[in-house]
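Below are the chains, spelled out letter by letter.
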Amino acid sequence: MSELGKGAVERASTISESVEAGLRFIGMWPRCVYANVNWWTYIVSVAIVQYFQYSYVLAHFDISDLSVFVDGLSITLGYSLSFLKLINLWFNRRKLYVILNTMDKDWSDGIAVYSDVSIMIKHANLSRQCSNVMITTNALAVFFYVIGGPILRSMIQKDNRESSTRELPIKMEFPFEVDKSPIFELILIAQFLHDLSVACVIAMLNALLVTLVLHVSGQIDIMRQGFKEISTKNNASRSSLTVIKNLINRHQKIIDLSDNIEDLFSNIALLQFIWNTLVICCIGFVIVISIGTEEGATMITKSLIFYVAITLEAFVFCYAGEYLSAKSKSISDAAYECFWYDLTPSECRVLMFLMLRSQKRLTITAGKITDLSLEGFTTLSEMIDSVERNHDTYLL
């Protein structure tokens, strides 16, 4: 067994270290010390930031200068989405604890069987890789939005030998002057750290969804492997009927776990699609109207990776739903490919009921309205492209 595999066994969890650290940071990890203090401190800080952001949006609502208004609105809506996601997670925290407890039991049951634990290790390693990629992507988006923009702006001003009032990368309206040192530098650092924390927490929630889907996928793969044991010719200690009963119990556990994941992320997915549509349109609008202007490079640098990160969030939700549905449908295929022709009629009837039940695919929905799938993601992309083409036509 590889060193990476040994590490996964010692940890005995599909949840990566980065996801666990994020859940502990916001007080959502089971039996976390000072969980309520962590949660209320963080959520209050987000609410305070939102207050200053919406103050800026209301103070700069000017149709004649849409670029400034939309630029501030895009990041404000992104923060609002993060705030609503965290509130939804808080109200469904007991469901999260049930899911994490179920995953721990799955590892406890499968750790003694080499074939089972090897499958779980493979999915756990994939979960760690996906979590690291998503968190790194969001962190880079924050860096280029908060740091890259001011650096480019200062370079342009130096080349043009022009001086202008310093602007914060995240637009906020304060009741005091912020463009003088050291107040400006302190607020800039605070904005960077807070925006970085919010981006990493949201990436952690997306990674959590991927992790849970991968865990269910691992349980499905173990179940599919179990169909190979169905035969009247296997050892006498385990009859085919016993194997089928164990598969039915495992299938029920998979369905229950999938339903809990659906309950936890359904409303979050709905918020994701409503808000992401608005945010992506705002960012795209800012990019389009910035082309050819003096600060075009600055705005594009700030917004492009933010645009990619927001689009990636929608893709992750849709791909997770598509992957879960495809995996659930593979159960009936595995049942059909087993040695059912060696079974007795009564055993075949039991197996047939299992096949019929697996025909109803597992899925994740957006607010119980529509299934998350790659088809839904392409529909969202086409709608956003249509809106941005209308923006281009308006500008022309």
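As shown above, the structure is provided for reference.
Worth saying up front: this structure is predicted, and the values here are computed from it rather than measured.

**Q** Where do I start with the overall build of the protein in this structure?
**A** When helices and strands are tallied, the protein shows 11 helices and two strands. The buried share among the 396 residues of the protein stands at 49%. Pairs at least 24 apart in sequence give 79% of the contacts found in the protein among residues at least 6 apart. Within the structure as shown, the protein displays about 19700 Å² of accessible surface, and the carbon and sulfur contribution to it stands at 62%.

**Q** Honestly, helix H2 (residues 17–25) in this entry has me stumped. Any pointers?
**A** Within an α-helix, residues lying three or four positions from one another point in the same direction, as the helix has 3.6 residues per turn. Listed in full, the buried residues belonging to H2 are Val19, Glu20, Gly22 and Leu23. All buried residues of H2 fall inside an arc of 160° around its axis, so they share one side. Positioned one or two residues after H2, Gly27 has a phi angle of 75°, which is positive.

**Q** Is there a simple way to explain the packing of helix H7 (residues 183–226) against helix H8 (residues 240–290) in this structure?
**A** Relative placement of two packed helices is described by the angle separating their axes and the distance separating the axes. Where H7 meets H8, the axes come as close as 10 Å, and the angle between the chain directions of the two elements is 165°. One element, H7, and the other, H8, form an angle in the roughly antiparallel class. When the axes of H7 and H8 are compared, the crossing they make is left-handed. Across the interface between the two elements, Leu205, Asn206, Leu208, Leu209, Leu212, His215, Val216, Gln219, Ile220, Ile222, Met223 and Gly226 from H7 touch Val243, Leu247, Arg250, His251, Ile254, Leu257, Ile261, Leu264, Phe265 and Gln272 from H8. Split by residue class, the contact of H7 with H8 holds 15 nonpolar, six polar and one charged.

**Q** Sorry, what's going on with the nonpolar core here?
**A** If you look at soluble globular proteins, the nonpolar side chains tend to sit buried side by side. Ranked by internal contacts, the top residues of the largest apolar core, which has 97 residues, are Phe227, Ile230, Ile261 and Phe265. Counting residues per element, this core draws most heavily on H8, which supplies 20 residues. Trp107, Ile119, Met120 and Ile222 belong to the second-largest nonpolar core, a separate cluster that totals seven residues.

**Q** Help me understand the packing of H2 against H7, please; the structure alone is not making it clear to me.
**A** Between H2 and H7, the shortest axis-to-axis distance is 9 Å and the interhelical angle comes to 120°. When the axis of H2 is compared with that of H7, the two are oblique. In the crossing of H2 with H7, the sense of the turn from one axis to the other is left-handed. Contacts between H2 and H7 involve Ser18, Val19, Gly22, Leu23 and Phe25 from the former and Ser197, Val201, Met204, Ala207 and Leu208 from the latter. Among the residues making up the contact of H2 with H7, the classes are represented as seven nonpolar, three polar and no charged.

Definitions and cut-offs
Residues numbered from 1 in each chain as written. Predicted model: local features only at pLDDT ≥ 70, side-chain atom pairs only at ≥ 80, totals over all residues. Heavy atoms only, no water. Helix = DSSP H or I, 4+ residues; strand = E, 2+ residues; numbered from the N terminus. Buried < 20%, exposed > 50% of the residue type's maximum accessible area, 1.4 Å probe, protein only. Contact = heavy atoms within 4.5 Å. Areas by Shrake-Rupley, 256 points an atom, 1.4 Å probe, with all protein chains shown as cover. Arc of directions from axis to C-beta. Axes fitted to C-alpha atoms, helices over the stretch in contact; angles between N-to-C directions. Parallel < 35°, antiparallel > 145°, perpendicular 65-115°, else oblique. Left-handed = near helix turned anticlockwise from the far one by under 90°. Nonpolar A, V, L, I, M, F, W, Y, C, P; charged D, E, K, R; others polar. Core = buried A, V, L, I, M, F, W, Y, C linked by side-chain atoms within 4.5 Å.

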